[in-house]
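The lines below spell out each chain.
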Amino acid sequence: MWRWQRFSKEEVALVRALAAGHTLKDHRFLDGRKQHTLHRLDGTAIQVNEDLVDRLRRQGVIASNKKFPAATYLLTEKGRQLAARLGDGEGQSLTARRGRNTPSD
């Protein structure tokens with residue numbers, strides 16, 4: 001079991017958004033740039049700070065499916081547990097599952 005950590009307001013908001021079914025994508029460009037975008041259920045999209053995404057990834061809360069040119073970030077089991085603790089998720093989200101091809105947390 002992992003220890004409860006303090007998360008910033010932005011981290012909590014992003015985890016809640018993913019738990020509610022919004023989609024976080026990492027759009028990569030041929031020139032090496034990448035842009036993180038949260039695609040909301042209402043069809044709007046907002047850019048997300050790369051440092052925010054990296055912090056959640058390093059903490060094992062989200063994981064990428066590593067697709068090019070647009071990888072999708074999913075809640076890990078740890079992220080799903082965090083979302084459940086935070087509560088008020090509006091719907092089900094995709095969750096990364098451990099398997100033969102999934103790196104361990």
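Predicted model, so just to flag it, every value in this text is computed and none were measured. (Residues numbered from 1 in each chain as written. Predicted model: local features only at pLDDT ≥ 70, side-chain atom pairs only at ≥ 80, totals over all residues. Heavy atoms only, no water.)

Brief notes about the packing of helix 1 (residues 9-19) against helix 3 (residues 77-86)
Viewed as axis vectors pointing N to C, helix 1 and helix 3 meet at an angle of 100°, and their least axial separation amounts to 9 Å. With respect to helix 3, the axis of helix 1 lies roughly perpendicular. Across from V12, V15, R16 and A19 in helix 1, the residues of helix 3 making contact are G79, L82, A83 and L86. For the contact of helix 1 with helix 3, the per-class residue count stands at six nonpolar, one polar and one charged. (Axes fitted to C-alpha atoms, helices over the stretch in contact; angles between N-to-C directions. Helix = DSSP H or I, 4+ residues; strand = E, 2+ residues; numbered from the N terminus. Parallel < 35°, antiparallel > 145°, perpendicular 65-115°, else oblique. Contact = heavy atoms within 4.5 Å. Nonpolar A, V, L, I, M, F, W, Y, C, P; charged D, E, K, R; others polar.)

Some words on the pattern of salt bridges
Applying the stated criterion across every chain, the model contains six salt bridges. With a closest N to O distance of 3.7 Å, D54 and R57 form a salt bridge. Here R57 and D54 lie together in helix 2 (residues 50-58), a separation of three residues that amounts to about one turn. Exposure remark for D54: the relative accessible area of 15% places this residue in the buried category. (Salt bridge = Lys/Arg side-chain N within 4 Å of Asp/Glu carboxyl O. Buried < 20%, exposed > 50% of the residue type's maximum accessible area, 1.4 Å probe, protein only.)

Side note on the nonpolar core
Judged by nonpolar contacts, the single largest core of 20 residues is most densely connected at L14, V15, L24, V61, I62 and L75. Only helix 1, helix 2, strand 5 (70-75) and helix 3 provide two or more residues apiece to this core. Element by element, the count of residues in this core is highest for helix 1, at six residues. Apart from residues no more than four positions distant in its own chain, L24 is found in contact with L14, L18, H36, T37, L38, V48, V53, I62, A71, T72 and Y73. (Core = buried A, V, L, I, M, F, W, Y, C linked by side-chain atoms within 4.5 Å.)

Description of helix 1
Of all the residues in helix 1, the buried ones are E11, V12, L14, V15, A17, L18 and A19. Positive backbone phi, approximately 110°, marks G21, located one or two places after helix 1.

Considerations on the side chain of H22
Note that H22 resides in the loop between helix 1 and strand 1 (23-28). A polar contact of 3.0 Å, which involves the side chain of H22, links it to the backbone nitrogen of L41. Once you skip the residues sitting within four places of it in the chain, H22 turns out to touch A17, L38, H39, R40 and L41. (Polar contact = N/O pair within 3.5 Å; in protein donor to acceptor, adjacent residues only side chain to side chain.)

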